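# Structural characterization, general
This is what each chain is made of:
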Amino acid sequence: MTPKVAVVMGSYSDVPKMEKTLEIFREFDIPCEVRILSAHRTPRETAEFAENARARGIEVIIAAAGGAAHLPGVIAASTILPVIGVPIALPVMNGLDSLLSIAQMPAGIPVCTMSAGGGGPENAALAAISILALGDKALSETLESYRKRLAAKVLERDSALQWKLTATEVREREI
Ligand code: RP5
């Protein structure tokens, strides 16, 4: 199946930090194209990738970069496809530089920006899946089930916590 999603990273050093993104696509059984392209080190190849992506059947692009993180914006400049940016946290500024470089786009060229670290990589995949699910009933049902499982896990933990708190209360009364 031709991939409808592309995950682009600014450097090979970003790969481990984007593992969650790839894991979500595997879980949803969605093929994706994975590339390393740099806005600064390979500007020509990056523009070429973005310009041709739509014609090749890509429907959404996830772009991850750290530091002077121009990759998502540069890609968004060369395509009308939705671009989801993932700020990679580098040790120097802990992701704030990456977050602002990706989020503060000029009007007209949007990049949907995820959080730096935390759920960012995972949410990038889920946001892409939400977009794909607009035109795919089976995928929207899979996404609904995913959300239900997420909610069930929270409620399960809440019940466990309530049980623990009640048990502690009973024990304290007994002392
Ligand atoms: C960015 O610079 C990359 O996305 C990466 O997060 C950061 C550091 O790249 P390397 O120096 O590790 O290749 O362009």
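What you see is a predicted model, and the numbers here were worked out from it, not measured in a lab.

## A word on the overall build of the chain
Per the secondary structure count, the chain includes six helices and five strands. Counting from the amino terminus, helix and strand elements in the chain follow one another as β-α-β-α-β-α-β-α-β-α-α. On C-alpha atoms alone, the chain measures out to a radius of gyration of 20 Å, which is more than a quarter above the 16 Å that the 2.2 N^0.38 rule sets for 175 residues. Each principal axis of the C-alpha atoms in the chain carries an extent, and together these give about 75 × 45 × 30 Å. Taking all 175 residues of the chain together, 36% fall into the buried category. Of the roughly 10400 Å² of accessible surface on the chain, a fraction of 57% belongs to carbon and sulfur atoms.

## A word on the domain arrangement of the chain
Considered domain by domain, the chain is made up of domain 1 (5-135) and domain 2 (137-175). Measuring from the centre of the C-alpha atoms in domain 1 to the corresponding centre in domain 2 gives 33 Å. In this assembly, eleven residues from domain 1 lie in contact with seven residues from domain 2. Taken over both partners, the interface formed by domain 1 and domain 2 buries close to 680 Å², and the fraction arising from carbon and sulfur atoms is 72%. Linking domain 1 with domain 2 are one salt bridge, by the criterion used here.

## Looking at the sheet that holds strand β1 (residues 5-9)
The strands making up a sheet are joined through hydrogen bonds of the backbone, oriented either antiparallel or parallel. Here five strands make up an open sheet; going across it, the order is β2-β1-β3-β4-β5 and the pairing parallel. One side of each edge strand has no neighbouring strand; the edge strands of this open sheet are β2 (32-36) and β5 (112-113). Alignment of strand β3 (residues 60-66) against strand β4 (residues 83-88), held across six bridges, turns out to be parallel. Bridge pairing links I61 to V83 in β4. The strands touched by helix α1 (residues 19-27) are β1, β2 and β3; relative to β1, the strand with the most contacts, the crossing angle is about 165 degrees. Its contacts with the sheet put helix α5 (residues 120-133) on β1, β3 and β4, and the angle it makes with β4 is roughly 175 degrees.

## A look at the site of the ligand
Surveying the vicinity of the ligand reveals the residues G10, S11, S13, D14, R41, A65, G66 and L90. Measuring from an oxygen atom of the ligand, one finds a side-chain N or O atom of S11 at 2.6 Å. More than half of the atoms of the ligand fall within 2 Å of the grid points belonging to the second largest pocket.

## Things to note about the side chain of T79
Along the chain, T79 turns up in the loop between α3 (71-77) and β4. Looking at T79, its side chain comes within polar contact range of the main-chain nitrogen of L81, at 3.0 Å. Residue contacts for T79: discarding those within four places in its chain leaves A50 and I61.

## As for the layout of surface pockets
Of the pockets and cavities examined, the largest pocket occupies roughly 240 Å³. In terms of lining residues, the largest pocket is bounded by 14 residues, among which K4, I30, L132, D136 and L139 are the most central. When grouped by side-chain class, the residues that make up the lining of the largest pocket number eight nonpolar, two polar and four charged. Roughly 210 Å³ of internal volume is contained in the second largest pocket. What lines the second largest pocket is a set of 15 residues, among which G10, S11, S38, R41 and G66 lie closest to the centre. Counted by class, the lining of the second largest pocket contains six nonpolar, seven polar and two charged residues.

## Describing a nonpolar patch on the surface
Together, V92, M93, L96 and L100 make up an exposed nonpolar region whose accessible area comes to about 430 Å². For L100, the position within the fold is in helix α4 (residues 96-103).

Conventions adopted
Every residue gets a number counted from 1 within its own chain, in the order that chain's sequence is written. Residue-level local features of this predicted model are given only where pLDDT is at least 70; pairs of side-chain atoms are given and counted only at 80 or more, and the full residue set underlies all totals for whole chains, interfaces and linings. Hydrogens are left out, water is left out, and the side-chain values use all remaining heavy atoms of the structure. Under the scheme used here, helices are H or I runs from DSSP no shorter than 4 residues and strands are E runs no shorter than 2 residues, and both carry numbers assigned from the N terminus. With the radius of gyration taken over C-alpha atoms, the globule rule is written as 2.2 Å times the number of residues to the power 0.38. We call a residue buried when its accessible area falls under 20% of the maximum for its residue type, exposed when it is over 50%, and partly exposed in between, using a 1.4 Å probe and counting protein chains only. For the accessible areas, the method is Shrake-Rupley and the probe is 1.4 Å, while residue cover comes only from the protein chains on display. For every domain, the bounds stem from an assignment made automatically or drawn from a database. In this description, contact between two residues means that some pair of their heavy atoms is separated by no more than 4.5 Å. By buried area we mean how much accessible surface two parts lose on assembly, using a 1.4 Å probe and totalling the loss over both. One speaks of a salt bridge when a side-chain nitrogen belonging to Lys or Arg is within 4 Å of a carboxyl oxygen belonging to Asp or Glu. For two strands to be treated as a pair, DSSP must find no fewer than two bridges joining them. Every axis corresponds to a line fitted to the C-alpha atoms, with the helix fit spanning only the stretch in contact, and the corresponding angles, defined between N-to-C directions, vary from 0 to 180 degrees. Note on terminology: near, applied to a residue and a molecule or strand, indicates that one of the residue's heavy atoms is within 4 Å of it. The definition of a polar contact used here is a pair of N or O atoms within 3.5 Å, where within protein one atom must be able to donate a hydrogen and the other to accept one, and adjacent residues in sequence count solely through side-chain atom pairs. Here a cavity denotes a set of grid points, spaced 1 Å apart and computed over the protein atoms alone, in which a 1.4 Å probe fits but from which it cannot get out, and a pocket denotes an open set meeting protein on both sides within 12 Å along at least five of seven lines; residues with an atom within 4 Å of a point are reported as lining. The way we define it, a molecule is inside a pocket or cavity when more than half of its atoms are within 2 Å of that pocket's grid points. Grid points are joined across faces, edges and corners, and a volume is the space filled by probe spheres set on the points. Three categories are distinguished: nonpolar for Ala, Val, Leu, Ile, Met, Phe, Trp, Tyr, Cys and Pro, charged for Asp, Glu, Lys and Arg, and polar for the others, with Gly belonging to the last. Like charges within 9 Å and nonpolar side chains (Val, Leu, Ile, Met, Phe, Trp, Tyr) within 5 Å are joined into patches, using only residues over 30% in relative accessible area that form no salt bridge.

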